[in-house]
Amino acid sequence: MAEAPWLTIVGLGEDGPDGLPPASRSALEQAEVIIGPPRHLGLLPASGAERIDWPVPFAEGMPILLGLRGRRAVALVSGDPFWFGAGRVIAEALEPGEWRALPGPSTFSLVASRLGWGLERCTCLGLHAAPLTRLRPHLAPGQRLIVLLRDGSALVELARYLTGLGFGASLCHVFEALGGPREARTSRPAEALLTEVDFAHPVCAALELSEGAALPLTPGLPDAAFETDGQITKSPIRALTLAALAPRAGERLWDIGGGSGSVAIEWLRAHPACDAVSFEPRPDRAARIRANALAHGVDRLRVIEGRAPEALKAVPPPDAVFIGGGLSQDLLEVLRLTLSPGTRLVTNAVTLESEALLAAWQETLGGELLRIEVARAAPLGRKRGWKSAYPVVQWSVVL
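This one's a predicted model, so the numbers in the text were calculated from it and none came from an experiment. (Residues numbered from 1 in each chain as written. Predicted model: local features only at pLDDT ≥ 70, side-chain atom pairs only at ≥ 80, totals over all residues. Heavy atoms only, no water.)

### Side note on the packing of aromatic side chains
Applying the stated rule across the entire model yields 6 aromatic pairs. Aromatic pair Trp-83 and Phe-108: ring centres 4.7 Å apart, planes at 45°, arrangement tilted. Taken together, the residues Trp-83 in the loop between strand S4 (73-78) and helix H4 (87-92) and Phe-108 in helix H5 (residues 107-115) connect sequence positions 25 residues apart. Taking 5.7 Å as the distance between ring centres and 65° as the angle between the ring planes, the aromatic pair formed by Phe-84 and Phe-108 counts as edge-to-face. Residue Phe-84 is located in the loop between S4 and H4, and its partner Phe-108 is located in helix H5; the two are separated by 24 residues in the primary sequence. Judged by its relative accessible area of 42%, Phe-84 falls in the partly exposed class. Take Phe-108: its relative accessible area is 1%, and that puts it in the buried class. A connected cluster of aromatic rings, assembled from ring pairs, spans Trp-83, Phe-84 and Phe-108. (Phe/Tyr/Trp six-rings, centres within 6.5 Å; stacked < 30°, edge-to-face > 60°. Helix = DSSP H or I, 4+ residues; strand = E, 2+ residues; numbered from the N terminus. Buried < 20%, exposed > 50% of the residue type's maximum accessible area, 1.4 Å probe, protein only.)

What follows is the structure in structure tokens.
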């Protein structure tokens, strides 16, 4: 018979042991040592188990937990350990047979049960230690969001953020100490919460979004959606570029010569599991890329200050590559020799010299050459005419 795990991860609610099923109560009764945040430990009655406060920041508690091997230990976490909880981090540090988990109701399920919302129709986000801008892709009229927050001051920041984007009329249900004897609920428009700071921890906000500035889901966002010094792949060309790059869930993009970061940002917007690395030699542009990524809720974009191909070393290999700047014979040679077979490569050219380079490489490696000409209606005297942009030649190939 296999040896029982030494660690039990117990999901605890604000109602303490009264809300635990028999298996969780039994684990606590049999534990030699219990580790958890002081707030959770304070919910337990006195027992003979040693108690250890989990320190802040969270990472500092992992060595303490690992030092408990060989003892019957319980780690207390909030609600469901594997939904924006500590369970994943703990499990990744242990072998499968070392631990078991006894989850409790998540805050999300408790909120849905209070409001009568179908949880499968809500967007659930944990923003304890993440920027509020991660909300941006999900903000659209009529949508329902459930958001875990750090404290009452974070709620004020949330109200300010929503109001700044035109969502100030959104109804915000604020839940305090949900599931326990201190539970309280306040329902007000977000713009009415701009000065509230006295909400009791833990805090959760359930949002019913009003009219506001939603972002399109399709690629080719307006150029004005990005801060730029002019170095940007323009909207219609960007839409065609993303179509050629063809992002799929879980894939990684190398964006070489990031400029404003627009292509990498739109790649990340395609799916939350997508990854991207942007290479930009100029520090001011690298800072701008980071700011644009944060504003669009994709702060997971990794920005490397450096010039390709030297900066490409020691970076996880990509599934797709876009060359937005620094196109050269040497760079293409390096990519051809180092990228794995099946990697998708897309690059755009404007100058005659770059066009000639792409034509030569397409003749050797194949792929598709596409000439893109865009013209916009513009004033022409007292009437209107077509004002053409420089034509762009796009080469896309699977290596």
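### Quick look at the pattern of salt bridges
Evaluated as defined, the whole model comprises 27 salt bridges. Note that Glu-14 and Arg-39 form a salt bridge whose closest N and O atoms lie 2.1 Å from each other. Linking Glu-14 in the loop between strand S1 (7-12) and helix H1 (22-30) with Arg-39 in helix H2 (residues 38-41), this pair joins segments that are 25 residues apart in sequence. On the basis of relative accessible area, Glu-14 is assigned to the buried category, the value being 10%. With its nearest N and O atoms 3.8 Å apart, the salt bridge here joins Arg-282 to Asp-229. Separated by 53 residues along the polypeptide, Arg-282 in the loop between strand S12 (275-280) and helix H9 (283-295) and Asp-229 in the loop between strand S10 (203-208) and helix H7 (235-245) bring together distant segments of the chain. Here the salt bridges share partners, and the residues they tie into one network are Asp-229, Arg-282, Asp-284, Arg-285 and Arg-288. (Salt bridge = Lys/Arg side-chain N within 4 Å of Asp/Glu carboxyl O.)

### Comments concerning the sheet that holds strand S15 (residues 344-349)
Within the open sheet, the 7 strands sit side by side as S13-S12-S11-S14-S15-S19-S16. Their pairing is mixed. Two strands close off the open sheet at either side, each with one partner strand: strand S13 (302-305) and strand S16 (368-372). The sheet shows a mean angle of 15° between the axes of neighbouring strands, direction not considered. Bridge count for strand S11 (residues 252-256) against strand S14 (residues 320-323) is 4 bridges, and the pairing is parallel. From the neighbouring strand, Leu-253 faces S14, where its bridge partner is Ala-320. Here H7 sits on the sheet in contact with S11, S14, S15, S16 and strand S19 (392-398), set at roughly 160° to S15. (Pairing = 2+ DSSP bridges. Axes fitted to C-alpha atoms, helices over the stretch in contact; angles between N-to-C directions. Contact = heavy atoms within 4.5 Å.)

### Overview of the side chain of Arg-238
Position of Arg-238 among the secondary structure elements: in helix H7. Among the residues examined, Arg-238 registers a relative accessible area of 0% and is labelled buried. When residues no more than four places from it in sequence are discounted, the contact partners of Arg-238 are Gly-220, Leu-221, Asp-223, Phe-226, Ile-232, Thr-233, Ser-262, Val-263 and Glu-266.

### Describing the sheet that holds S4
Strand order in this open sheet of 5 strands is S3-S2-S4-S1-S5, and the pairing throughout is parallel. With partners counted over all chains shown, the strands left at the sheet margins are strand S3 (50-53) and strand S5 (99-102), one partner each. Geometrically, the sheet is characterised by an average inter-axis angle of 20° between neighbouring strands, direction not taken into account. Note: strand S2 (residues 33-36) against S3, 4 bridges, orientation parallel. Residue pairing for S3: Val-33 is matched across the bridge by Glu-50. Together, S1, S2, S4 and S5 form the strand contacts of H1, whose direction differs from that of S5 by roughly 130°.

### What about the nonpolar core?
Membership of the largest hydrophobic core comes to 25 residues, with the highest contact counts inside it found for Leu-135, Leu-139, Leu-149, Leu-155, Leu-158, Leu-162 and Leu-207. Residue assignment for this core shows that the elements contributing at least two residues are strand S7 (144-149), helix H6 (152-164), strand S8 (171-176) and S10. Among the elements that line this core, the one with the most residues is H6, at 6 residues. Beyond its immediate sequence surroundings of up to four residues, Leu-149 is in contact with His-128, Leu-132, Ala-154, Leu-155, Leu-158, Val-203 and Ala-205. (Core = buried A, V, L, I, M, F, W, Y, C linked by side-chain atoms within 4.5 Å.)

### A look at the packing of helix H10 (residues 329-338) against helix H11 (residues 352-365)
Put simply, H10 and H11 touch, their axes get as near as 11 Å, and they point 25° apart. It follows from the interaxial angle that H10 and H11 lie roughly parallel. The two elements H10 and H11 meet at a crossing, and its hand is right-handed. Here Gln-329, Leu-332, Glu-333 and Arg-336 of H10 lie close against H11, whose contacting residues are Leu-357, Trp-361 and Leu-365. When the residues that make up the contact of H10 with H11 are grouped by side-chain class, the tally is 4 nonpolar, 1 polar and 2 charged. (Parallel < 35°, antiparallel > 145°, perpendicular 65-115°, else oblique. Left-handed = near helix turned anticlockwise from the far one by under 90°. Nonpolar A, V, L, I, M, F, W, Y, C, P; charged D, E, K, R; others polar.)

### As for the packing of H7 against helix H8 (residues 262-269)
Taken N-terminus to C-terminus, the directions of H7 and H8 make an angle of 55°; their axes are 10 Å apart at the nearest point. Judged by the angle between their axes, H7 and H8 are oblique. Here H7 runs over H8; the crossing is right-handed. Touching Arg-238, Thr-241, Leu-242 and Leu-245 of H7 are Ser-262, Val-263, Glu-266 and Trp-267, all from H8. Taken together, the residues that form the contact of H7 with H8 break down as 4 nonpolar, 2 polar and 2 charged.

### Side note on H1
Among all positions in H1, only Ser-24, Ala-27 and Leu-28 are buried. Taken end-on, H1 shows its buried residues confined to a sector of 95°, consistent with a single buried face. Every exposed residue of H1 that faces more than 90 degrees away from the buried side is listed here: Pro-22 and Glu-29. Along its buried surface, H1 packs onto S1, S2, S4 and S5. (Arc of directions from axis to C-beta.)

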